[in-house]
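# Understanding the architecture of this molecule
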Amino acid sequence: MASHTDRPIRPDEPFVQRCWRQGWSDDLSELQNAILGARPDLVVVQFNFGFFDIETFGRLLDRLAADGIPYHVILHSTMDVAKSERRISLRQIQPALARAARLLVHGVADLNRLKSLQLDSAAAIIPHGTPRFHIDERANVRRSLGIAGKRVLACFGYLLPDKGFGVLLDAFFRLRQRHPDLHLLLVTSLYPDPASEEEADRCRVRIAGDPHGASVTMMTAHLEEVQVHAMLQAADLLIFPYQTTQESSSGAVRFGLASLKPVACTPLPIFDDVASVVHRLPGTSAADIERGLETLLDDPDRLERHADRQARWLAEHAWPAASRRFWDMLRAPPVQDLVAQDRAPCQRPK
């Protein structure tokens, strides 16, 4: 049950039903009717603060509870959101969340935040899964892009202002002055939001205005996963230069790790759950990113030191393993039922 959109990436599959609008103005009545009409055994909700108005969402959960429909909520963010017009917190719908069969988060910090809201009894950590690919198109991609013989830096993700691609361009152009064999590959698809187009325009202007602009390849089309993987395999180092985010975990960095290439990230909490298999840059500024990348590029042994651990980590976090764990959670009794069983008085045998 997906959100309405005027710009779908591709035609919807037969199982997709569009029945709500992203943002804070939808009363979610269409979504509620779709859920109740489906008569589900349980409901799984992917939650982010930007998806629904928080109090409207709480009322939707209240209706599910009143109809006896168990619900699991996957919280992709748990931190309060402070906007100029309002402050938004999970605290506003604490009773509705407390009735969830499971509250699933991606990290320890989220678990602790739920504990502070007295929501930890039904909470559990479930890591993001990672894709697995068995192709190697590195040579073909490099040849087709005209970057054979170059040391290639690449990044991947939606082209949005907080992802730091403009800051990365500043760092790259300074590095390029000292390292003429460097090339930057931006595999950064547009997000269906005007802010994404605006950020793309800023990046294009920055690239066109620099003497080393020809050393940057920028791709904004939505590519198939196998194509993206092939592009990232062509790199020597992947960079995720995020500047700010309240997200708890990154799917993009997992996709990057699946390429089995070294990965460098800015020191934001969103990357804490992959800290053991990535290189952490010294900061988020262009100077910090420049310094961190040069340190890695000048020390090949250091650059490759996570390789074995990264391969093992990917095997442990592959989507088949993650989906099996999630399916087992969905089939298990709600936590509230288990607690009730524990508290039930013991019956003396006759």
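What comes next concerns the included structure. (Residues numbered from 1 in each chain as written. Predicted model: local features only at pLDDT ≥ 70, side-chain atom pairs only at ≥ 80, totals over all residues. Heavy atoms only, no water.)

### Section: the packing of aromatic side chains
Our working rule: The rule is short: rings of Phe, Tyr and Trp, with Trp giving its six-membered ring, pair when the centres are within 6.5 Å, and they are stacked under 30 degrees, edge-to-face over 60, tilted in between. Runs of H or I in DSSP of at least four residues are treated as helices and runs of E of at least two as strands, each being numbered from the N terminus. Criterion for a charge above a ring: Lys NZ or Arg CZ within 6 Å of the ring centre, and within 35 degrees of the ring normal.
By the definition in use, this model includes 12 aromatic pairs. Ring geometry for Trp-20 against Phe-51: centres 6.0 Å apart, planes inclined by 50°, an arrangement best described as tilted. Remark: Phe-51 occurs in the loop between β3 (43-47) and α2 (54-66) and Trp-20 occurs in strand β2 (residues 18-20); sequence separation between them is 31 residues. One Lys or Arg, Arg-86, reaches over the ring of Trp-24 and ends 5.0 Å from the middle of that ring.

### Some points on the sheet that holds β3
Selection criterion: Strand pairing is assigned whenever DSSP detects at least two bridges linking the two strands. Only the stretch in contact is used when a helix axis is fitted, and all axes are lines through C-alpha atoms; the angle between N-to-C directions ranges over 0 to 180 degrees.
Strand order in the open sheet made by the four strands is β3-β4-β7-β8, with parallel pairing throughout. What marks the edges here is a single partner per strand, and that holds for β3 and β8 (123-125). Averaged over all adjacent pairs, the angle separating strand axes in this sheet is 25°, with direction ignored. The pairing of β3 with strand β4 (residues 71-75) spans five bridges and is classified as parallel. In the sheet register, Val-45 faces β4, and the bridge partner there is Val-73.

### Some points on the packing of helix α1 (residues 29-38) against α2
How we decide: Oblique is the label for any angle not under 35 degrees, not over 145, and not in the 65 to 115 range, which are roughly parallel, roughly antiparallel and roughly perpendicular in turn. The sense of a crossing depends on the near helix, which, turned anticlockwise from the far helix by less than a right angle, makes the crossing left-handed and, turned clockwise, makes it right-handed. Should any heavy atoms of two residues lie within 4.5 Å, those residues are considered in contact. In this classification, Asp, Glu, Lys and Arg are treated as charged, Ala, Val, Leu, Ile, Met, Phe, Trp, Tyr, Cys and Pro as nonpolar, and every other residue, Gly included, as polar.
In the contact formed by α1 and α2, the axes pass within 11 Å of each other and the chain directions differ by 20°. As summarised for this structure, α1 and α2 are arranged roughly parallel, according to the angle between their axes. You can see that α1 and α2 cross each other, and the crossing is right-handed. Along the contact surface, α1 presents Leu-31, Gln-32, Ile-35 and Leu-36, while α2 presents Leu-60, Arg-63 and Leu-64. Here the contact of α1 with α2 is built from residues that sort into five nonpolar, one polar and one charged.

Any link to function would need more than the numbers given here.
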